[in-house]
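Residues per chain, in single letters:
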Amino acid sequence: MEKSFEIPKQLVWEAYLKVKANGGAAGVDKQTIEEFEKDLKGNLYKIWNRMSSGSYFPPPVLGVPIPKKSGGSRMLGIPTVGDRVAQMTVKLWVEPMLEPHFQQDSYGYRPNKSAHQALEVTRRRCWRYDWVVEFDIRGLFDNISHDLLLRALRKHCECKWVLLYVERWLKAPMQDETSNVVERTKGTPQGGVVSPLLANLFLHYAFDVWMSRNFSSVPFCRYADDGLLHCKTLKQAEFMLKTIAERFRDCGLEIHPDKSKIVYCKDINRRAGYEQISFDFLGFGFRPRSSKDKYGRRYVNFSPAISNGAKKALRQELRSWHIQLKSEHALDDLSRMFNPVLRGWASYYCRFHKTAMYSIWQHMNRYLVRWVMRKYKRFARHQRRAREWLNRVARANSGLFVHWQLGIFPAAG
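Residues numbered from 1 in each chain as written. Predicted model: local features only at pLDDT ≥ 70, side-chain atom pairs only at ≥ 80, totals over all residues. Heavy atoms only, no water.

Asker: Kindly report on the state of the cysteines, identifying the contributing residues and their values.
Answerer: Summed over all chains, the structure comprises zero disulfides. Considering cysteine sulfurs only, cysteine 159 is the nearest to cysteine 157, which forms no disulfide, with 5.1 Å between them. (Disulfide = S-S within 2.5 Å.)

See below:
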């Protein structure tokens with residue numbers, strides 16, 4: 001039987017492999033990836049067959065509230081496993097069409113782009129420009145205009161099945177955990193596979209292209225809904241903050257008033273008084289810091305290190321592991337359980353000013369000391385002796401934990 005659309009079966013298979021690698025929770029049908037795989041061939045064929053015939057209609061996304069670092073919560077929209085495969089199929093097809101058009105200074109949710117690249121370019125620009133305009137778009141994924149987004153997609157993609165299914169995903173309702181169904185007239189669910197790509201496309205025209213066309217002398221860096229502009233004067237920064245707020249309003253969006261501000265990049269050569277001399281970006285705090293030049297001389301440099309908010313989140317995660325209660329496990333077991341996460345933290349947060357992570361590593365050491373005191377009766381009431389014992393073990397087995405490899409051991413005395 002002839003299909004309405006020619007969608008390669010191999011593309012659906014590749015989409016499934018990526019969905020499996022990414023993992024994720026079940027959607028409204030409560031089907032896990034493992035359950036989906038019990039009839040893998042049949043399920044993948046069903047997705048391909050329906051998409052190829054034009055009869056694929058996405059089920060509602062499962063709305064799950066997740067807490068925000070700043071307080072409150074945001075609604076995450078979780079598609080079913082099968083719908084994630086369908087969305088990934090579209091993403092794999094359309095992303096190569098869109099990527100060449102995206103701007104160099106857009107870093108979020110893009111292949112071969114990273115947060116570290118955004119941080120590095122920001123660090124260099126803070127040395128060259130005195131002022132930073134920091135902005136955060138309030139509820140980006142919830143407020144994207146469907147009409148404007150589809151107009152942007154049609155500009156680059158003539159593939160009818162892509163346009164058909166993107167429009168259906170945009171209109172798919174959200175079902176909460178009590179089975180209430182809410183119709184959606186704007187936005188793209190945060191948590192959808194194709195949503196980050198669509199959000200980037202929307203902001204490409206709402207902001208990136210508009211900035212390059214109208215303010216080519218003002219460098220910007222955008223990571224999804226967080227962005228920075230670099231200005232030479234306070235007057236220019238005030239004008240730009242007002243102007244981008246108006247631009248986003250014209251596009252149906254709003255910048256967050258509490259998370260958008262003007263910052264003075266104070267350092268050894270910039271000594272003017274200004275209230276705001278720091279900002280957070282991608283988990284790093286940019287502010288004046290004491291540094292050494294190549295001759296060992298001290299000076300004040302405007303640079304990034306792990307932010308206080310990120311430190312608080314890491315300490316909360318360490319606490320949630322309850323390491324001190326896992327006395328039935330050996331130290332090797334703890335290493336296998338937690339070192340991969342610690343290694344990820346080191347890889348991300350030690351990229352700039354790695355000594356700022358010292359307090360986190362010592363926090364981990366304190367939990368390990370408490371584990372020693374609980375596991376070995378001879379150390380039950382002897383914290384100092386437990387710390388000294390763990391110090392000797394750490395030095396002899398530094399490969400067990402990433403911070404031990406960095407030379408950060410439990411205090412010996």
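Asker: Got a sec to walk through the nonpolar core? Specific residues and values, please.
Answerer: Judged by nonpolar contacts, the single largest core of 71 residues is most densely connected at Trp161, Met211, Leu229 and Ile244. Here the element with the most residues in this core is helix H9 (residues 195-214); it accounts for 10 residues. Those residues in contact with leucine 229, other than ones at most four positions away along the chain, are Trp131, Val132, Val133, Phe135, Phe207, Met211, Val218, Pro219, Phe220, Met240 and Ile244. Ala115, Cys265, Phe338 and Leu368 belong to the second-largest nonpolar core, a separate cluster that totals 56 residues. (Core = buried A, V, L, I, M, F, W, Y, C linked by side-chain atoms within 4.5 Å. Buried < 20%, exposed > 50% of the residue type's maximum accessible area, 1.4 Å probe, protein only. Helix = DSSP H or I, 4+ residues; strand = E, 2+ residues; numbered from the N terminus. Contact = heavy atoms within 4.5 Å.)

Asker: Break down the side chain of histidine 156 for me, citing the residues and quoting the values.
Answerer: As for its position among the elements, histidine 156 is in helix H7 (residues 146-156). For histidine 156, a relative accessible area of 19% corresponds to the buried category. What histidine 156 contacts, discounting residues up to four positions off in sequence, is Met97, Leu98, His101, Leu201 and Tyr205.

Asker: Tell me what's going on with the pattern of salt bridges, and back it up with residues and numbers.
Answerer: Opposite charge on two side chains allows them to pair when their charged atoms are near. Applying the stated rule across the entire model yields 13 salt bridges. Arginine 110 is the partner of glutamate 99 in a salt bridge, and the nearest nitrogen-oxygen pair spans 2.9 Å. Here glutamate 99 is found in the loop between helix H4 (81-98) and helix H5 (115-128), whereas its partner arginine 110 is found in the loop between H4 and H5, with 11 residues between them in sequence. Of the two residues examined, glutamate 99 and arginine 110, each falls in the buried class. Measuring nitrogen to oxygen at the nearest pair gives 3.7 Å for the salt bridge that ties aspartate 267 to arginine 270. (Salt bridge = Lys/Arg side-chain N within 4 Å of Asp/Glu carboxyl O.)

Asker: Describe the packing of aromatic side chains, with residues and values.
Answerer: Throughout the structure, instances matching the rule amount to 27 aromatic pairs. With centroids separated by 6.5 Å and ring planes inclined at 50°, the aromatic side chains of tyrosine 109 and tyrosine 223 adopt a geometry described as tilted. Within this pair, whereas tyrosine 109 is found in the loop between H4 and H5, its partner tyrosine 223 is found in strand S6 (residues 220-223), the two being separated by 114 residues in sequence. Owing to a relative accessible area of 41%, tyrosine 109 belongs among the partly exposed residues under this scheme. (Phe/Tyr/Trp six-rings, centres within 6.5 Å; stacked < 30°, edge-to-face > 60°.)

Asker: Go over the pairing of strand S3 (residues 131-136), please, and point to the residues and values.
Answerer: Side-chain positions along a regular strand alternate between the two faces of the sheet. The element S3 is extensively covered by neighbouring structure, given that six of its six residues are classed as buried. Side chains Trp131, Val133 and Phe135 project from S3 onto one buried face, and the interleaved Val132, Glu134 and Asp136 project onto a second face that is buried too. For S3 and strand S7 (residues 226-231), the ladder comprises six bridges, and the chain directions are antiparallel. In the sheet register, valine 132 faces S7, and the bridge partner there is histidine 230. Relative to strand S8 (residues 261-264), S3 runs antiparallel, the two being bridged by four bridges. Directly across from valine 133, in S8, lies its bridge partner isoleucine 262. (Pairing = 2+ DSSP bridges.)

Asker: Tell me about the side chain of serine 195, and please be specific about residues and values.
Answerer: Its place among the elements puts serine 195 in helix H9. By relative accessible area, which is 1% here, serine 195 ends up buried. Only 2.7 Å separates the side chain of serine 195 from the side chain of threonine 188, close enough to count as a polar contact. Among residues more than four places away in sequence, those in contact with serine 195 are Phe141, Thr188 and Pro189. (Polar contact = N/O pair within 3.5 Å; in protein donor to acceptor, adjacent residues only side chain to side chain.)

Asker: Got a sec to walk through the packing of helix H11 (residues 308-320) against helix H12 (residues 331-349)? Specific residues and values, please.
Answerer: Running from N to C, H11 and H12 cross one another at 175°; their axes reach a closest spacing of 13 Å. Looking at the two axes, H11 sits roughly antiparallel to H12. Residues Ala310, Leu314, Glu317 and Leu318 of H11 lie in contact with H12, whose contacting residues are Val341, Leu342, Trp345 and Tyr349. Residues of the contact of H11 with H12, tallied by class, amount to seven nonpolar, no polar and one charged. (Axes fitted to C-alpha atoms, helices over the stretch in contact; angles between N-to-C directions. Parallel < 35°, antiparallel > 145°, perpendicular 65-115°, else oblique. Nonpolar A, V, L, I, M, F, W, Y, C, P; charged D, E, K, R; others polar.)

Asker: Summarise helix H8 (residues 160-171); cite the residues concerned and give the values.
Answerer: Its 12 residues place the ends of H8 17 Å apart at the C-alpha level, agreeing with the 16 Å of an ideal helix rising 1.5 Å per residue. Trp161, Val162, Leu163, Tyr165, Val166, Arg168, Trp169 and Leu170 are the residues of H8 that are buried. (Expected span 1.5 Å × (residues − 1).)

The analysis is restricted to geometry; functional conclusions fall outside its scope.
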